[in-house]
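As a plain string of letters, each chain reads:
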Amino acid sequence: AQSVSQHNHHVILSEAASLELGCNYSYGGTVNLFWYVQYPGQHLQLLLKYFSGDPLVKGIKGFEAEFIKSKFSFNLRKPSVQWSDTAEYFCAVLNQGGKLIFGQGTELSVKP
Amino acid sequence: GAVVSQHPSWVICKSGTSVKIECRSLDFQATTMFWYRQFPKQSLMLMATSNEGSKATYEQGVEKDKFLINHASLTLSTLTVTSAHPEDSSFYICSARVDMGAQPQHFGDGTRLSIL
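Everything quoted here is computed from the prediction, not taken from an experiment.

**Here we look at a nonpolar patch on the surface**
Reasoning step 1: A cluster of nonpolar side chains, namely B:Trp10, B:Ile12 and B:Leu116, defines an oily patch on the protein surface of about 390 Å² accessible area.
Reasoning step 2: As for its position among the elements, B:Ile12 is in strand S2 (residues 10–13).

Following this line, the structure appears as structure tokens:
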């Protein structure tokens, strides 16, 4: 069965620091990958997605992610975080049945 | 666009009662809706997939008779937790998708269910 693993449970950064959140998936075929963000008290929102093509995907709010097929990874990055980026981040893969399989989530706390 | 409304946002009820949660796509027609359950500090776990006009498909380990799902129209799906018990207390989230394929799902705000 497909699975998604997020390496960090809780990440604490100061404003302006660079961010990289790890995500690995277990599926060797064609993958559709997503990063969602959940701000405190709000619903899940799509940050970015990868279906095919350029493995470096740019999303909203300055986020980007790189699909590395050989490493089964889809890490999320941002060069300089802001306090408003404090949220829970979920990596997800779409399986063959059209279902989203979520990682455990990473809580990001940005100190002002 | 692509707004999903979930109601109620929070419900507290006594053990043994049934609770209905609604999920509506406000500005699009959702062929498929999904119901997830999220425990504190854990990921979203898919409970069932609901297609308009047909029976829901439940994930392994999810009791069909416990969690009744109805998707009567392209804009509304309901989840009824029957004879709820304290162990059913959780955060329930729905999502909706326009059609088949690799389209993003749009999520509701979730419903926090507390069974006393």
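**With respect to the interface of chain A and chain B**
Reasoning step 1: Contacts between the two partners involve 20 residues from chain A and, on the opposite side, 19 residues from chain B.
Reasoning step 2: For the pair chain A and chain B, the two sides together bury roughly 1,500 Å², of which 57% comes from carbon and sulfur.
Reasoning step 3: Between the two partners, chain A and chain B, sit one salt bridge.
Reasoning step 4: Across the salt bridge formed by B:Glu59 and A:Lys99, the nearest N and O atoms sit 2.6 Å from each other.
Reasoning step 5: If you list the elements that add at least two residues to the side of chain A that touches chain B, you get strand S5 (32–38), strand S6 (44–50), strand S10 (87–94) and strand S11 (100–102) of chain A.
Reasoning step 6: Per-element accounting of the side of chain A that touches chain B gives the leading share, four residues, to S5(A).

**Thoughts on the state of the cysteines**
Each disulfide is one covalent bond, formed between the sulfur atoms of two cysteines.
Reasoning step 1: Counted according to the given criterion, the structure contains two disulfides over all chains.
Reasoning step 2: Each sulfur of the disulfide joining A:Cys23 and A:Cys91 lies 1.9 Å from the other. Note on the A:Cys23 and A:Cys91 pair: the S-S dihedral is about -65°, so by sign convention the disulfide is left-handed. With A:Cys23 in the loop between strand S3 (19–21) and strand S4 (24–25) and A:Cys91 in strand S10, this residue pair connects regions lying 68 residues apart in the sequence. You'll find A:Cys23 and A:Cys91 in the same group, each marked buried.
Reasoning step 3: The disulfide partner of B:Cys23 is B:Cys94, and the gap between their sulfur atoms is 2.0 Å. Between B:Cys23 and B:Cys94, the S-S dihedral sits near 80°, and the bridge is therefore right-handed. With B:Cys23 in strand S3 (residues 19–25) and B:Cys94 in strand S9 (residues 90–97), this residue pair connects regions lying 71 residues apart in the sequence.

**As for the pairing of strand S5 (residues 44–51) of chain B**
Residues and elements named next belong to chain B.
Reasoning step 1: In terms of burial, S5 is largely enclosed, as six of its eight residues are buried.
Reasoning step 2: Note that strand S4 (residues 32–38) and S5 share seven bridges and pair antiparallel. By the bridge assignment for S5, Gln38 is matched with Leu44.
Reasoning step 3: Hairpin connection from S4 to S5: five residues lie between these consecutive antiparallel strands, with Lys41 at a positive phi of about 60°.
Reasoning step 4: Judged from the two bridges that link them, S5 and strand S6 (residues 57–58) form a sheet pairing that is antiparallel. The residue of S6 that forms the bridge with Thr49 is Thr57.

**Brief notes about the sheet that holds strand S8 (residues 76–81) of chain B**
Residues and elements named next belong to chain B.
Reasoning step 1: The sheet built from four strands is open, its strands ordered S1-S3-S8-S7 with antiparallel pairing. Of all the strands in the sheet, the pair left with one neighbour each is strand S1 (4–7) and strand S7 (67–73). Geometrically, the sheet is characterised by an average inter-axis angle of 15° between neighbouring strands, direction not taken into account.
Reasoning step 2: Bridge count for S3 against S8 is six bridges, and the pairing is antiparallel. Bridging across to S8, Lys20 finds its partner in Thr80.

**What to know about unusual backbone geometry**
Reasoning step 1: Going from B:His7 to B:Pro8, the amide bond is cis rather than trans, its omega being 0°.
Reasoning step 2: Residue position: B:Pro8 is located in the loop between S1 and S2.
Reasoning step 3: The backbone of A:Ala16 sits at a positive phi, close to 80°, despite the residue not being glycine.
Reasoning step 4: Within the secondary structure, A:Ala16 sits in the loop between strand S2 (10–14) and S3.
Reasoning step 5: One non-glycine residue, A:Lys61, adopts positive backbone phi at about 60°.
Reasoning step 6: Mapped onto the secondary structure, A:Lys61 falls in the loop between strand S7 (56–58) and strand S8 (64–68).

How each quantity is defined
Residues take numbers from 1 onward in each chain, read along the sequence in its written order. Chains and ligands are labelled by the order in which they are written, letters from A for the one and numbers from 1 for the other. Residue-level local features of this predicted model are given only where pLDDT is at least 70; pairs of side-chain atoms are given and counted only at 80 or more, and the full residue set underlies all totals for whole chains, interfaces and linings. Hydrogens and waters are ignored; side-chain quantities use all the structure's heavy atoms. In this scheme, patches are assembled from residues that exceed 30% relative accessible area and form no salt bridge. Like charges are connected within 9 Å, while nonpolar side chains (Val, Leu, Ile, Met, Phe, Trp, Tyr) are connected within 5 Å. Throughout, the Shrake-Rupley method with a 1.4 Å probe supplies accessible areas, and for residues the shown protein chains are the sole cover considered. What makes a salt bridge here is a side-chain nitrogen of Lys or Arg within 4 Å of a carboxyl oxygen of Asp or Glu, nothing more. Think of it this way: any DSSP run of H or I at least four residues long counts as a helix, any run of E at least two long counts as a strand, and we number them from the N terminus. In this analysis, two residues are considered to be in contact whenever any of their non-hydrogen atoms come within 4.5 Å of each other. Once two parts are joined, some of their accessible surface, as seen by a 1.4 Å probe, is lost; buried area is that loss totalled over both. In plain terms, two cysteine sulfur atoms within 2.5 Å form what is called a disulfide here. A simple rule labels every residue: compare its accessible area, found with a 1.4 Å probe on the protein chains alone, to the largest value its type can have, and call it buried under 20%, exposed over 50%, or partly exposed in between. Between any two strands, at least two bridges found by DSSP are needed for them to pair. In this analysis, axes come from line fits to C-alpha atoms, helices being fitted only over the stretch in contact, and the angle between any two N-to-C directions falls in the range 0 to 180 degrees.

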